[in-house]
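Report on the structure
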Amino acid sequence: MKKIKDKPQESEDLLLEKDRLWQPRIVAFLCNWCSYAGADLAGTSRIKYNPQIRIIRVPCSGRVNPLFILRAFIDGADGVLVSGCHPGDCHYSTGNYFARRKFALLKRLIEFCGMDERRIHFSWVSAAEGSKWSQVVNDVVNAVYQAGPFTGFDLPVFSKETEIETPADLCKQGPERFAYSIDLMSRTGKK
Amino acid sequence: MQTTIETDIKQVETMNKQISKKAIDAIISELTEGCQIFAPVVQDGIKLYKQIESPEQINWGHGNCHRSLKELFFPITEPVFSFRQTRKGIQIETPGNHNKKRVVIGARPCDCNALSITDKVFKWDYEDELYLSFRENTLIIGVSCIQPEPFCFCTALNLSPFDETGSDILLTETGKGIYHANIITEKGVALFERFKEHFTEASPDQSARKDAMLKDIVSKMPAPFPMQDIKTWLDKNFDHPVWEEIALGCIGCGTCTYLCPTCHCFDITDESRGYAGERLRNWDSCAFGHFTQMPAHQPRPLQWQRFRQRVMHKFKYYIDRFSRLACVGCGRCRSLCPAGKDTVEVIQTLQKQIDLAETGPKTNKKG
Amino acid sequence: MMDDLKTRLKEMLTSGAIGMVIGYGQKEIYMADGSREYRTCPVFLSRDTEIDRLVWNRHCVQNLVTYLTKEEYKESGKIALMVKPCDLKAIHVLEQEKQIDRKRLFIIGLTCKGVMAEKMGIDEGHLAGKCIKCLDSSGKSSAVCTPDEADIVIETLPDGDMPPKGKDISSDLEGFEKMPSEKRWAFWQNQFLKCLRCYACRSACPMCYCEQCICDMSRPQWIDKSPHLKGNFLFHIVRAFHLTGRCVGCGECERVCPMGIPLMLINQKMIDTVKDLYGYESGKDPEQAPLLSQFKMDDDQSFIK
Ligand code: SF4
Ligand code: SF4
Ligand code: SF4
Ligand code: SF4
């Protein structure tokens, strides 16, 4: 338990409100035909796995628009998992092949921008792989746990004490002192 | 064309004082306690008005900021209110007025003058509290341009690089490290009273020097354009075929309007997450293809019509309403347009049209 | 050579074979100190008397292909367009995506030896980053418009000596990638905070022709329209992603950005990634299938558990 969060807003997750300790929030996009069924199997076989994962069912991994993943981060996810059928098993024959290209590129792109690679995961889980599913979830939760809460969209905090060296070194520029807009933006910028 | 500005900014009889650079720095250092200070800062190759913490951060160099002064009063994005769904119904919260005291130092005369243009819009039929409360709580110390940027053309619009409108105090560097200070408004006087010991009376030769400098600079800059004639032409020629030609090349990027200190269009958008959200006011531009699509439809489907709108707004519509031009000649649009569109060129093209219309082209060609 | 071209274009305009010439021209601009300077800008010529305005010099930076997909120029009949070898790639992508009809185009191919870098309206005094790759050591362009792609080729090179090279985008990229991820994120945070969301980068991009951009949608609003950090981040990642495998690296987006945001850093990264992962080069061939509408059985999936 790394960091105690501020008092969550009413609309936020009850779980957070209860123990007020940081738990990773992980959004998982599962294809209807394989991974979702795999997760179901894990459930019916009473395989235990970490509960910090919130599943969104989609028809196919090919349906996962990269925007879904980005939007999840914007809206406060700490990690994202996308899971679909193994290549060759796609219910729509080729959906996951197309998806694979998109995911590879998106992953490279956002990691280039500086996203921690422990936050974004992809897997192939078939309907018969209940135990693989639980393994994947546990791995993902662990990785996100280690990465900690995602604060990438909080405004960079610049104050005299915690002079952030990163951007300053980089662009040879003084710290951003957008105070007036920070003031305004932090209202929308907070998770 | 530039009629006097009848705002309720309390002008006083201008006082001529003199102050040294050191004293200015001292005043700023003292002001940082209790006030937010904004000044031009160069960062990563661009110059912006930013909040500063010590006078060393100020960039006193020539030239204007890339983003105009308007962003301090009419921020690029600003919440109007926030809403939240609760068990008891929908709760709405307004952010309230901005009442932090702020001082802007180093603003250029064109930017300050432009505020008098946006002022009129924001307190026209509806009094915009957010903007006006920013205005009310901000004191502006302008700095005259003793070396205009290559693209400036304020003199062509009957303004001057030493223009006092909009500033509370106007500094003019008359010698190395010596500034001539005009104290223009009541706010300016209040600041002067507080830091009286730093100012000295302006010597007559300083004032004379200032006048000579102004004369010298203005003599080099473009002579006034016949804006009255252009307005008369615009009144009649909304449908003139030349518009299509004038606008050729414009890619509709909105750079000219976003950087313009007098453009003031905004868009309203709601952003919500879960049960809570905010209504925000963001800058918008008539150059965009989707402008005003939110309330109704885009009445100007083609880019040249949108380009015409920008010119018309600056040189006709605004005059119709508020009897002055909505351009201060800061030159931002000219220098940064990616397609090389040039407001001065537009004015000249229109001038040529007028000459063509009146048979026997009279040469009116000082640029 | 230029004269031949001008005669030919004049003939074509009078005979109605083409409706408009989009090329580079110069115009006189009035400076604050009373001097007059010449500035190279796009010109749109539909009268044969104007053809003499065409020029070909080192300041012909703008990618004119952008205009082909704009509404206003679709009605102008056949368009004669001045195209640098690198801009030709943009035409290929548009053809590949069925956005333009090659028959409506008369391509004036230019032989290029590099153009000047321009950023925020200022000539930076050295070669544009994209040109460095394109030029071989002798200073000649390795990419030359060939007559089978262009309808007419101008072989005259612009006058003047070779300007200094300036920095190469690849070395920037290398340095950038060496930094730890938090620093990279912080760098972009700072850069994106500057963004005005004026969308000049989008307007200038020949590949951004969507009538309804996802960034303007409000129902559903996938991308926050407001220029705060979240909205800007999302916008920039989505912009880069939508151009992955389509961006030809013309550098227009970075050139026009009034806030000087180094967008080419992201674009170049994605150009390299696409080449590295799938051996795909956008704009190489108008016949190839778009990157994301094709796949291979053995595409990389090492990152998938
Ligand atoms: S900056 Fe230039 S291209 Fe962009 S909208 Fe304005 S006039 Fe058009
Ligand atoms: S129209 Fe251009 S010159 Fe006039 S105020 Fe706006 S940006 Fe400045
Ligand atoms: S041109 Fe620059 S400032 Fe404008 S939207 Fe693009 S990145 Fe942002
Ligand atoms: S993204 Fe930029 S570099 Fe790529 S094609 Fe568009 S304008 Fe050119």
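Predicted model, so just to flag it, every value in this text is computed and none were measured.

Analysis parameters
Residues numbered from 1 in each chain as written. Chains lettered and ligands numbered in written order. Predicted model: local features only at pLDDT ≥ 70, side-chain atom pairs only at ≥ 80, totals over all residues. Heavy atoms only, no water. Near = heavy atom within 4 Å. Nonpolar A, V, L, I, M, F, W, Y, C, P; charged D, E, K, R; others polar. Phe/Tyr/Trp six-rings, centres within 6.5 Å; stacked < 30°, edge-to-face > 60°. Helix = DSSP H or I, 4+ residues; strand = E, 2+ residues; numbered from the N terminus. Buried < 20%, exposed > 50% of the residue type's maximum accessible area, 1.4 Å probe, protein only. Expected span 1.5 Å × (residues − 1). Contact = heavy atoms within 4.5 Å. Polar contact = N/O pair within 3.5 Å; in protein donor to acceptor, adjacent residues only side chain to side chain. Buried area = accessible area lost by both parts, 1.4 Å probe. Salt bridge = Lys/Arg side-chain N within 4 Å of Asp/Glu carboxyl O. Domains from an automatic or database assignment. Pairing = 2+ DSSP bridges. Axes fitted to C-alpha atoms, helices over the stretch in contact; angles between N-to-C directions.

Re the site of ligand 2
- With respect to spatial proximity, the complete set of residues near ligand 2 consists of F153(B), C260(B), P261(B), K314(B), C327(B), V328(B), G329(B), C330(B), G331(B) and C333(B).
- Here the shell around ligand 2 is composed, by residue class, of 7 nonpolar, 2 polar and 1 charged.

A few points about the site of ligand 1
- Surrounding ligand 1, one finds C250(B), I251(B), G252(B), C253(B), G254(B), T255(B), C256(B), A287(B), F307(B), C337(B), P338(B) and K341(B).
- For the shell around ligand 1, the class distribution of residues is 8 nonpolar, 3 polar and 1 charged.

Looking at the packing of aromatic side chains
- On inspection of all chains with the given rule, the structure shows 39 aromatic pairs over all chains.
- Ring centres of F122(A) and F303(C) lie 5.4 Å apart, and the angle between their planes is 85°; on these two criteria the pair is classed as edge-to-face. Of the two residues, F122(A) sits in strand 4 (residues 120-124) while F303(C) sits in the segment after helix 9 (263-278), which places them in two different chains. Neither residue differs from the other here; F122(A) and F303(C) are each classed as buried.
- Within the aromatic cluster, the residues linked to one another by ring pairs are F73(A), F112(A), F150(A), F153(A), F176(C), W185(C), F187(C), W188(C), F192(C) and F233(C).

Quick word on helix 2 (residues 85-96) of chain C
All names here are of chain C.
- Compared with an ideal rise of 1.5 Å per residue, which puts 12 residues at 16 Å, helix 2 spans 17 Å between its outermost C-alpha atoms and is within 8% of the ideal.
- Summarising burial for helix 2: 11 of the 12 residues are buried, a large majority.
- Lining the buried residues of helix 2 we find strand 1 (20-30), strand 3 (79-83), strand 4 (105-110) and helix 3 (129-134).
- Within two residues after helix 2, K98 carries a phi angle of roughly 60°, on the positive side.

Concerning the side chain of H121(A)
- The topology assignment puts H121(A) in strand 4.
- Only 2.7 Å separates the side chain of H121(A) from the backbone oxygen of R118(A), close enough to count as a polar contact.
- With residues up to four places along the chain from it excluded, the contact list for H121(A) reads V80(A), L81(A), V82(A), V140(A), A143(A) and K305(C).

Section: the interface of chain A and chain C
- In this assembly, 54 residues from chain A lie in contact with 54 residues from chain C.
- Summing the contributions of chain A and of chain C, the shared interface buries around 5,100 Å²; its carbon and sulfur component is 71%.
- Counting the surface chain A buries against chain C, the share from its top three residues, R101(A), L105(A) and F112(A), is 18%.
- The tally of links from chain A across to chain C stands at 3 salt bridges.
- Note that R108(A) is salt-bridged to D276(C), the shortest N-O span being 3.1 Å.
- Scanning the region where chain A abuts chain C turns up 19 residue pairs in polar contact (both at pLDDT 80 or more).
- Within the residue set of the side of chain A that touches chain C, elements represented by two or more residues are helix 3 (66-74), helix 4 (95-112), strand 4, helix 5 (130-147), helix 6 (165-171) and helix 7 (179-189) of chain A.
- For the side of chain A that touches chain C, the residue count by class is 30 nonpolar, 9 polar and 15 charged.

Regarding the domain arrangement of chain B
Residue and element names in this part refer to chain B.
- Looking at chain B, the domain boundaries give domain 1 (11-219) and domain 2 (227-359).
- Using C-alpha coordinates to define each centre, domain 1 is positioned 26 Å away from domain 2.
- In this assembly, domain 1 packs against domain 2 so that about 3,600 Å² is buried in total across both faces, 64% of it on carbon and sulfur atoms.
- Viewed at the interface, domain 2 and domain 1 are joined by 3 salt bridges.
- Residue D111 pairs with R332 through a salt bridge whose shortest N-O separation is 2.9 Å.
- One can count 23 residue pairs in polar contact (both at pLDDT 80 or more) joining domain 1 with domain 2.

Considerations on the sheet that holds strand 3 (residues 79-84) of chain A
Residue and element names in this part refer to chain A.
- What the 4 strands build is an open sheet, ordered 2-1-3-4; its pairing is parallel. Among the strands making up the open sheet, the edge pair consists of strand 2 (53-58) and strand 4. In this sheet, neighbouring strand axes are inclined to one another by 20° on average, regardless of whether the strands run parallel or antiparallel.
- Two strands pair when backbone bridges link them, and strand 1 (residues 26-31) and strand 2 are joined in this way by 6 bridges, in the parallel orientation. Paired with F29 across the strands is I56, a residue of strand 2.
- In this fold helix 2 (residues 35-44) packs onto strand 1, strand 2 and strand 3, with an angle of close to 110° to the strand it touches most, strand 1.
- Set on the sheet, helix 5 makes contact with strand 1, strand 2, strand 3 and strand 4; between it and strand 3 the angle comes to about 160°.

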